[in-house]
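Structural overview
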Amino acid sequence: MRKFALFTAFISLLNASFAVAAEMPTASQTEAVDEWTYSLALQAASWGAPLVTMYAFRDHIAFGSSPKAPPNTLWRLENISTPELAKKEGYVTPNVNTIYGFGFMDLRSEPIVVEVPDSKDRYYMVEILDMWTNAFGYIGGKTTGYKGGKFILTGPGWKGKIPDGVRQIPCPTPWILIQPRVHSYSQGKLDLAGANNILQAIIPKPLSAFLGKKQLPLSSYKYPTPEPVNPALPVSVLQYKDPLQFWEILAIALNENPPPQDQVSALLPMFKPLGIELGKPWDRSKLGPKTLASMSKAAQEIGSILNHLGVGAFYKGATIPPATIGNFGTDYKTRAFIARVGLTANVPSEAIYWMYTRDENGQLLTGAKKYTMTFQEEIPYEEPGFWSITIYDAKNNYTVPNALNRYMLGSDTPELKKNKDGSFTIYIQQTNPGKDKESNWLPAPPGPFYLTPRSYAPKPEVIQILTDAQSWPVPGVHSVQ
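Keep in mind that this is a model prediction, so the values were computed, not measured.

With that settled, the discussion passes to the overall build of the protein. Secondary structure assignment for the protein yields twelve helices and 22 strands. Across its three principal axes, the protein shows a C-alpha extent of roughly 105 × 65 × 40 Å. When each of the 481 residues of the protein is scored for burial, the buried share is 54%. Relative to all contacts within the protein whose residues are 6 or more apart in sequence, the contacts with residues 24 or more apart total 74%.

This is the structure:
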């Protein structure tokens, strides 16, 4: 009995020791848990950043303190994206060859019918994006042409009758963004009046209004307003006064606009330790302080990480995106990067773009230096499309103020001087390169900048650079100082 009592006491002491050990992890265990939690939070933030960006963009456009267009209406910009207007848009890396429209459509109550005009062969298109930034549909452009028509945008599970003469576009999320772009140049001259006539004729209407019936009430919307650190920067910066608001927004937007079922099954269970679950709000009170610290760190850093991430091929200093751009599928890395630096990028069949942040030697582009770029030919496009190369301030992702009010060069700048063989050189610097070169000058900011070439209605040979960078003569940026 005495031996048994001693044995029992030993077991009790051993259990007590294990209990203490369980309550007091070692330093290495604590470090491992912290690193794993931060890594998980960073992956969840990367996956969810496009959705959070679209939530913030919707608030900026349709709600917020100064909404531009209530749900199911269209904010039409009457000018190209000058630096001032780009800041008002809160929209990253805008092109300046078109005037834009932005409209968030709420399909929860009923579908939206979009009427578009016959543009008489002037380029326009309406990009249609889900809340995960996938461009899943188009009206106009190469997809449906320029003759006009009526299109009905239907939400998930809608089973109603399609009106006669109306073409259906099923939408994967209950909220979507429609984004018209109308070519603002005609015969090499800025023609805002002509572009605005077409933009005004792009009209979204709830199905009930289209049928002449009493409009159904909108579904309720009572969600928190994003509180960015700097409201003057684009919504994709994702810097919030309370970093944990990122996760609050992600959970709200996720439950309102669920991802495809394969992501629900494969990804969401991994994020459960972070409190991210479909059908449930995010509740910070149910998470430990170390988990919250890791999630706060990931939320604070994700915008900067994505801004410098880069995707696709690197060729002559250019970042050429993969062919998944625009409608990303499970290419979450490209989706997150594009949402940060090129929100609402198009699919390659409708528009091609790539980016330069570095010169041919791998050095970051800066207005402290002077550069040249020599194109062997114009970027190929199909009429009535266009091509351009635009410069942006890397500090805010907006166009660059300058005395000429020139933000791009391309097919809309007939003063661009070319050689007899069709090649041409552009000059990228702060100061005027001289009268003989001024027509080919792209004014740079004093600090860091980047360049984005584009082709709208691109030809196949330029689309091919997404899979083979050497298929078309992609130029490099040459430092001359």
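Our focus in this paragraph is the sheet that holds strand β6 (residues 149–154). Within the open sheet, the four strands sit side by side as β7-β6-β3-β11. Their pairing is mixed. In this open sheet, the two edge strands, each paired with only one partner strand, are β7 (167–170) and β11 (203–206). For this sheet, the mean angle separating the axes of adjacent strands, direction not counted, is 25°. Bridge count between β6 and β7: four bridges; the pairing is parallel.

Across the interface, helix α10 (residues 289–309) lies against helix α11 (residues 332–341) with an axial gap of 8 Å and an inter-helix angle of 100°. Between α10 and α11, the interaxial angle falls into the category roughly perpendicular. Listed contacts from α11 to G303, L306, N307 and L309 of α10 are K333, A336, F337, R340 and V341. Partitioning the contact of α10 with α11 into residue classes produces five nonpolar, two polar and two charged.

Let us look at α10. Between its first and last C-alpha atoms α10 spans 29 Å; for 21 residues at 1.5 Å apiece the expected length is 30 Å, and the two agree. In the structure, α10 departs most strongly from a straight axis at E301, where the bend amounts to approximately 40°. Packed against the buried residues of α10 are α2 (27–62), α7 (245–256) and α11. Just downstream of α10, G310 is the residue with a positive phi angle, here 75°.

Before going further, it helps to examine the pattern of salt bridges. This structure, assessed with the given rule, holds 13 salt bridges. Put simply, E127 and R181 hold a salt bridge, and the shortest N to O gap is 2.8 Å. With E127 in strand β4 (residues 124–130) and R181 in strand β8 (residues 175–183), this residue pair connects regions lying 54 residues apart in the sequence. Overall, E127 belongs to the buried group, its relative accessible area being 0%. Classification of R181 as buried rests on a relative accessible area of 1%. Across the pair E277 and K280 runs a salt bridge whose closest N-O atoms are separated by 3.6 Å. On the basis of relative accessibility, which here comes to 22%, the residue E277 falls in the partly exposed class. Owing to a relative accessible area of 43%, K280 belongs among the partly exposed residues under this scheme.

With that settled, the discussion passes to the sheet that holds β8. Two orientations exist for strands paired in a sheet by backbone hydrogen bonds: parallel and antiparallel. One open sheet holds the five strands; their spatial order is β1-β2-β8-β4-β5, and the pairing between them is antiparallel. If you trace the sheet from one side to the other, it starts and ends with β1 (75–76) and β5 (135–140), each paired once. Bridge count between β4 and β8: seven bridges; the pairing is antiparallel. Pairing of D130 across the sheet is with I176, part of β8. Each of β1, β2 (98–106), β4 and β8 is contacted by α2, which is oriented at about 100° to β2, the strand it contacts most. Against the sheet, helix α5 (residues 192–200) contacts β1, β2, β4 and β8, and its axis sits at roughly 15° relative to β2.

By secondary structure assignment, the location of S208 is in helix α6 (residues 207–210). Once residues within four sequence positions are removed from consideration, S208 is found in contact with E110, K213, K214, Q215 and L216.

Glancing now at the side chain of T344. Looking at the secondary structure, you find T344 in the loop between α11 and β14 (351–353). Its relative accessible area of 2% is what places T344 among the buried residues. Excluding residues within four positions of it along the chain, T344 makes contact with Y91, E127, L129, L177, Q179, R181 and Y353.

Analysis parameters
Residues numbered from 1 in each chain as written. Predicted model: local features only at pLDDT ≥ 70, side-chain atom pairs only at ≥ 80, totals over all residues. Heavy atoms only, no water. Helix = DSSP H or I, 4+ residues; strand = E, 2+ residues; numbered from the N terminus. Buried < 20%, exposed > 50% of the residue type's maximum accessible area, 1.4 Å probe, protein only. Contact = heavy atoms within 4.5 Å. Pairing = 2+ DSSP bridges. Axes fitted to C-alpha atoms, helices over the stretch in contact; angles between N-to-C directions. Parallel < 35°, antiparallel > 145°, perpendicular 65-115°, else oblique. Nonpolar A, V, L, I, M, F, W, Y, C, P; charged D, E, K, R; others polar. Expected span 1.5 Å × (residues − 1). Bend = angle between axes of the 7 residues up to and from the residue. Salt bridge = Lys/Arg side-chain N within 4 Å of Asp/Glu carboxyl O.

All we've got here are geometric facts, nothing functional implied.
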